[in-house]
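Residue-level listing of the chains:
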Amino acid sequence: MGSVAANGERRVVVSADPDETTRLGRTLGAVARPGDLVCLWGELGAGKTHLAKAFGAAVGVTDTIASPSFVLMSEYEGPLPLFHIDPYRLVSAEDALAGGLIDERQSEGVTLVEWPERLGDALPVDRLDVRIDGTGDEPRTITLVAWGDRYRRYLEAVE
């Protein structure tokens, strides 16, 4: 299905409140596999870290998941290791690569990236994009885009 990789297959979910966002994060985490890359797009306050916490709980992480803005990457142990990357403070993809944010260990677990646009051309084509629109107390429109056949299962999980 080359059209999936080329154009991205989409699902749109409306999350009325944080509890629905938590359920979505847990649903996505429940189908995660080693080597997956999940990119969380959205403005400050959109709920990227909130969704990441629920995703992490679903893959078996018991530690508290926090935004890694100041450490760039947090690693969490669990049945499926979680690599939580936040390159918000980086200037370029070269900084990310030089800083070791992308490495072979991530093939053993799932990688969540907040602010993926900071990775520029270093961002792999095959991935799941989770685009969160909305901030504050308003409902969120969350668009899931599967780039590559292996990510279709995330869309099927929310149908």
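In this section: the pairing of strand β7 (residues 140-147). Of all eight residues making up β7, seven are buried, and the element is well covered by its neighbours. Pairing analysis gives seven bridges linking strand β1 (residues 9-15) to β7, with the strands arranged antiparallel. Among the inter-strand pairings, Arg10 is bridged to a residue of β7, identified as Val145. By the bridge criterion, seven bridges tie strand β6 (residues 127-133) to β7 in an arrangement that is antiparallel. Paired with Leu128 across the strands is Ala146, a residue of β7.

What follows deals with the nonpolar core. Within the largest apolar cluster, 35 residues are counted, with the highest numbers of intra-cluster contacts made by Val38, Phe55, Val110, Val130 and Tyr154. The biggest single contributor to this core is strand β2 (residues 37-41), with five residues.

Attention shifts here to helix α2 (residues 18-30). The terminal C-alpha atoms of α2 lie 18 Å apart, and with 13 residues this matches the ideal 18 Å at 1.5 Å per residue to within 8%. Regarding α2, the residues found buried are Thr21, Leu24, Gly25, Leu28 and Gly29. Along the axis of α2, the buried positions cluster into a sector of 130°, meaning they face one direction only. Of the exposed residues in α2, those oriented more than 90 degrees away from the buried face are Asp19 and Ala30. Lining the buried residues of α2 we find β1, α3 (48-58), β6, β7 and α5 (152-157). Between the side-chain oxygen at the start of α2 and the backbone nitrogen of Asp19 there is a gap of 3.0 Å, and the oxygen is on Asp17.

Here we have seven strands laid out as an open sheet, ordered β1-β7-β6-β2-β5-β4-β3, and mixed in their pairing. Looking at the sheet topology across the chains shown, the edges are occupied by β1 and β3 (73-76). Pairs of neighbouring strands in the sheet enclose a mean axial angle of 15°, with direction left out of account. Contacting β2, β4 (82-85), β5 (110-114) and β6, α3 crosses the sheet at an angle of about 170° to β5.

It is a general feature of regular strands that their side chains alternate between the two faces of the sheet. Taken across its five residues, β5 has five buried, putting it largely inside the fold. A two-sided burial pattern is seen for β5, the buried positions comprising Val110, Leu112 and Glu114 on one face and Thr111 and Val113 on the other. Sheet topology places β2 next to β5; four bridges connect them, and they run parallel. Pairing of Leu37 across the sheet is with Thr111, part of β5.

On to the confidence of the model for the chain. Parts of the model with low pLDDT should not have their predicted coordinates read in detail. Residues at a pLDDT of 70 or more form 81% of the chain, whose mean pLDDT is 85. When the criterion is pLDDT under 50, residues 1-6 qualifies, and its contacts beyond four places in sequence or with other chains add up to twelve contacts.

Moving on to unusual backbone geometry. Peptide bonds are mostly trans, and most non-glycine residues show a negative phi. The phi torsion at Trp115 lies on the positive side, around 60°, for a residue other than glycine. The residue Trp115 is located in the loop between β5 and β6 in this model.

Before going further, it helps to spend a moment on the pattern of salt bridges. Across all of its chains, the model carries seven salt bridges by this definition. In this structure, the salt-bridge partner of Asp36 is Arg153, at a minimum N-O distance of 2.2 Å. Of the two residues, Asp36 is situated in the loop between α2 and β2 and Arg153 in helix α5; the sequence distance between them amounts to 117 residues. The exposure class assigned to Arg153 is buried, which follows from its relative accessible area of 11%. Note that Arg127 is salt-bridged to Asp129, the shortest N-O span being 2.7 Å.

Rules behind the numbers
- Residues numbered from 1 in each chain as written.
- Predicted model: local features only at pLDDT ≥ 70, side-chain atom pairs only at ≥ 80, totals over all residues.
- Heavy atoms only, no water.
- Buried < 20%, exposed > 50% of the residue type's maximum accessible area, 1.4 Å probe, protein only.
- Helix = DSSP H or I, 4+ residues; strand = E, 2+ residues; numbered from the N terminus.
- Pairing = 2+ DSSP bridges.
- Core = buried A, V, L, I, M, F, W, Y, C linked by side-chain atoms within 4.5 Å.
- Expected span 1.5 Å × (residues − 1).
- Arc of directions from axis to C-beta.
- Contact = heavy atoms within 4.5 Å.
- Polar contact = N/O pair within 3.5 Å; in protein donor to acceptor, adjacent residues only side chain to side chain.
- Axes fitted to C-alpha atoms, helices over the stretch in contact; angles between N-to-C directions.
- pLDDT = per-residue confidence, 0-100.
- Salt bridge = Lys/Arg side-chain N within 4 Å of Asp/Glu carboxyl O.

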